[in-house]
Amino acid sequence: MEEEGFSFKELEAEMRAFEESGKTAMLVAFGDEIIGLVAVADTLKENSREAIETLNKMGLEVVMITGDNVVTANAIAKEVGISRVLAEVLPEDKANEIKKLQEEGKLVGMVGDGINDAPALIQSDVGIAMGAGTDVAMESAKIVLIKNDPRDVVVAIKLSRLTINKIKQNLLWAFGYNSIGIPIAAGILYPFFGRVLITPALAAAFMALSSVSVTTNSLLMKRSKLK
């Protein structure tokens, strides 16, 4: 409007008020004069604030990347509890913003659902697409959430951490078990006891028991509460 020479000083206060309440203000002109002001806003997804609060408690930094203007973006961020906002980012620049975060030494998980989010989802370390998003976003992501619930992002992270912990536990048990069992089965204690302590049949039984214990430990994940 400024480039076309329209004056809208009398509407600036109203525009500012809309933007500070999380709405994007748009001017409407006809002929050579401003005839109206329209404010639009994306509605927050249900449970968004709860999801952000949980992520913060988990020690994760939540960053909002948006094409909205700074005032509107900060208003939305304040409503859900996000402290760092990257606003007025063009669709093609979202991937560059992800790259900048990675250059800060951060592992970045990107959550998106639109066509414009696809490059950023690919650039991120872990791309997470919402189930109600576009096909392009889901094809670009490494994780696709079936439901359109932001809390499922928290569930996905908790499940990932739980899985890694179980893998580490199982590896520790398996390596420790075999590090002790194999030398004994090979007869390392024979000079001290004068006999073989573990027969091949008994060793086979112990190996089966090891597999059962690892499987049982993995199945305990079903008892974990992720929400």
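(A) Molecular detail of the pairing of strand S2 (residues 33-40). Of the pairings in the sheet, the one linking strand S1 (residues 24-30) to S2 comprises seven bridges and is antiparallel in character. Note that in S2 the partner of Met 26 across the bridge is Val 38. The hairpin turn running from S1 into S2, its antiparallel successor, is two residues long, and Gly 31 in that turn takes a positive phi close to 70°.

(B) Geometry of the sheet that holds strand S7 (residues 143-145). Spatially, three strands are ordered S5-S6-S7 in an open sheet, and the strand pairing comes out parallel. The open sheet has two edge strands, strand S5 (109-112) and S7, and neither has a second partner. Along the sheet, successive strands turn relative to each other by an average axial angle of 20°, direction set aside. Here S5 pairs with strand S6 (residues 126-130) via four bridges, running parallel. The partner of Gly 112 across the bridge, within S6, is Ala 129.

(C) Local environment of helix H3 (residues 70-80). All of the buried residues along H3 are Val 71, Thr 72, Ala 73, Ala 75, Ile 76, Ala 77 and Val 80. Of the surrounding secondary structure, the elements contacted by the buried residues of H3 are helix H1 (12-20), S1, helix H2 (48-57), strand S3 (63-65) and strand S4 (84-86). N-capping of H3 is provided by Asn 69, with a side-chain oxygen placed 3.1 Å from the backbone N of Val 71. Once H3 ends, the next one or two residues include Gly 81, with phi positive near 95°.

(D) Molecular detail of the nonpolar core. Judged by nonpolar contacts, Ala 51, Ile 52, Leu 55, Met 58, Val 62, Met 64, Ala 73, Ile 76, Ala 77, Val 80, Ile 82 and Val 154 together constitute the single largest core of 12 residues. Every element with two or more residues in this core is listed here: H2 and H3. It is H3 that provides the largest number of residues to this core, a total of four residues. When residues no more than four places from it in sequence are discounted, the contact partners of Ala 73 are Met 64, Thr 66, Asp 68, Val 85 and Ala 87.

(E) Up close: the packing of aromatic side chains. Within this structure, the stated rule accounts for one aromatic pair. Pairing Trp 173 with Tyr 177 gives two aromatic rings, centres 5.3 Å apart and planes at 45°, and the pair type is tilted. Linking Trp 173 with Tyr 177, this pair stays in helix H7 (residues 151-185), spanning four residues, or about one helical turn. Using a relative accessible area of 41% as the deciding quantity, one classes Trp 173 as partly exposed.

(F) View of the pattern of salt bridges. As enumerated under the stated definition, the model contains 10 salt bridges in all. In this structure, the salt-bridge partner of Glu 104 is Lys 106, at a minimum N-O distance of 2.9 Å. Owing to a relative accessible area of 43%, Glu 104 belongs among the partly exposed residues under this scheme. Judged by relative accessible area, which is 32%, Lys 106 ranks as partly exposed. Several salt bridges converge on common partners, so that one network encompasses Glu 61, Arg 84, Glu 104 and Lys 106.

(G) Summary view of a negative patch on the surface. On the surface, Glu 2, Glu 3, Glu 4, Glu 10 and Glu 12 cluster together into a negatively charged patch. Turning to its location among the elements, Glu 4 is positioned in the segment before H1.

(H) Representation of the environment of Ala 137. If you trace the backbone, Ala 137 turns up in helix H6 (residues 135-140). With relative accessibility at 0%, the residue Ala 137 sits in the buried group. Separated by 20 residues in the primary sequence, Ala 137 and Asp 117 have C-alpha atoms spaced 6.5 Å apart. If we skip the residues at most four places from it in the chain, Ala 137 touches Asp 113, Gly 114, Leu 121 and Ala 129.

(I) A look at the side chain of Asn 170. By the element assignment, Asn 170 lies in helix H7. The class for Asn 170 is buried, based on a relative accessible area of 12%. Within the local environment of Asn 170, its side chain forms a polar contact with the side chain of Ser 218, the two groups lying 2.9 Å apart. Those residues in contact with Asn 170 that lie beyond four places of it in its chain are Val 214, Asn 217 and Ser 218.

How each quantity is defined
Residues numbered from 1 in each chain as written. Predicted model: local features only at pLDDT ≥ 70, side-chain atom pairs only at ≥ 80, totals over all residues. Heavy atoms only, no water. Pairing = 2+ DSSP bridges. Helix = DSSP H or I, 4+ residues; strand = E, 2+ residues; numbered from the N terminus. Axes fitted to C-alpha atoms, helices over the stretch in contact; angles between N-to-C directions. Buried < 20%, exposed > 50% of the residue type's maximum accessible area, 1.4 Å probe, protein only. Contact = heavy atoms within 4.5 Å. Polar contact = N/O pair within 3.5 Å; in protein donor to acceptor, adjacent residues only side chain to side chain. Core = buried A, V, L, I, M, F, W, Y, C linked by side-chain atoms within 4.5 Å. Phe/Tyr/Trp six-rings, centres within 6.5 Å; stacked < 30°, edge-to-face > 60°. Salt bridge = Lys/Arg side-chain N within 4 Å of Asp/Glu carboxyl O. Patch = residues over 30% accessible without salt bridge, like charges linked within 9 Å, V, L, I, M, F, W, Y side chains within 5 Å. Areas by Shrake-Rupley, 256 points an atom, 1.4 Å probe, with all protein chains shown as cover. Lys, Arg positive; Asp, Glu negative; His and termini not counted. Charge placed at Lys NZ, Arg CZ, Asp CG, Glu CD.

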